[in-house]
Amino acid sequence: MKNILSYKITLTICAVLLILTGLMMHIDPAHVAGSEFPNAQGADNIYHVIGSLLFLIASIVFFAGRVEDTKSQQLLLNGCVLGFAIMFITVGLMTVTQVGNLGIATTEMAVLTALCLYKRVTHSL
C-alpha cells in the first residue's frame, strides 16, 4: 500500500497553511492585531511585514517539496521540524504568559511541527 502522505504533499500542506495565514495578515491586519494583541496600539503595519515573511517561507517550503533526493528531503524535513517547533514554543510561551492571544497560531505551528515530524520519522531511508 502506497503511503498517502508523501513528502511533496506534506510540504504543500505546510505551504498552503502559511499562505492562508499570510493572506489573513495582509487582508485584515487590524483585526489580527486587535484579536491577538488587544493592548497593542498601531501595530497593524508590522502584520504586513509578517504576512510577507510568511509568503516567503511558504514559497521556499513549496518549492523545496519538489526535491527528489531522499537525503535532501530528510534534511529539509529536519529544518521544517526545527523551524516550526521554535515558532510553536515562541507563540506558545507568549500565549501562556498572556503577552498575546495566540491560540490559533500556537495550534497551527503545533500541527505543522507534528506533520513534518511524522513525515520525517516515517520517511523511508
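Coordinates for the structure precede this section.
Residues numbered from 1 in each chain as written. Predicted model: local features only at pLDDT ≥ 70, side-chain atom pairs only at ≥ 80, totals over all residues. Heavy atoms only, no water.

(A) Structural detail: the side chain of Gln-73. Note that Gln-73 resides in helix 4 (residues 70-96). Looking at Gln-73, the relative accessible area reads 9%, which means it is buried. Not counting chain neighbours up to four residues away, the residues in contact with Gln-73 comprise Tyr-7, Val-67, Glu-68 and His-123. (Helix = DSSP H or I, 4+ residues; strand = E, 2+ residues; numbered from the N terminus. Buried < 20%, exposed > 50% of the residue type's maximum accessible area, 1.4 Å probe, protein only. Contact = heavy atoms within 4.5 Å.)

(B) View of the nonpolar core. One finds Leu-11, Cys-14, Leu-18, Phe-84 and Cys-116 to be the most contacted residues of the largest nonpolar core, which totals 25 residues. Of all the secondary structure elements, the ones that give two or more residues to this core are helix 1 (7-27), helix 2 (29-36), helix 3 (44-64), helix 4 and helix 5 (103-122). Sequence-distant contacts of Cys-14, that is, excluding residues within four places in its chain, are made with Val-61, Phe-84, Leu-112, Leu-115 and Cys-116. (Core = buried A, V, L, I, M, F, W, Y, C linked by side-chain atoms within 4.5 Å.)

(C) Inspection of the packing of aromatic side chains at higher detail. Counting across every chain of the model gives 1 aromatic pair. With a centroid separation of 5.2 Å and 85° between ring planes, the pair formed by Phe-62 and Phe-63 is classed as edge-to-face. The ring centre of Phe-62 lies 3.8 Å from the NZ or CZ of Arg-66, which sits over that ring. (Phe/Tyr/Trp six-rings, centres within 6.5 Å; stacked < 30°, edge-to-face > 60°. Lys NZ or Arg CZ within 6 Å of the ring centre and 35° of its normal.)

(D) Fine view of unusual backbone geometry. A positive phi angle is found at Gln-98, which is not glycine, with a value near 60°. Position of Gln-98 relative to the elements: it lies in the loop between helix 4 and helix 5.

(E) Molecular detail of the packing of helix 1 against helix 5. Two elements in contact, helix 1 and helix 5, have axes separated by 10 Å at closest approach and are oriented at 170°. The pairing of helix 1 with helix 5 is recorded here as roughly antiparallel in orientation. Mapping the contact onto sequence places Tyr-7, Thr-10, Leu-11, Ile-13, Cys-14, Leu-17, Leu-18 and Thr-21 in helix 1 and Glu-108, Met-109, Leu-112, Leu-115, Cys-116 and Lys-119 in helix 5. Tallied by class, residues from the contact of helix 1 with helix 5 come to 10 nonpolar, 2 polar and 2 charged. (Axes fitted to C-alpha atoms, helices over the stretch in contact; angles between N-to-C directions. Parallel < 35°, antiparallel > 145°, perpendicular 65-115°, else oblique. Nonpolar A, V, L, I, M, F, W, Y, C, P; charged D, E, K, R; others polar.)

(F) A look at helix 2. Within helix 2, burial applies to Pro-29, Val-32, Ala-33 and Glu-36. With its buried residues spanning 95° around the axis, helix 2 presents them on a single face. (Arc of directions from axis to C-beta.)

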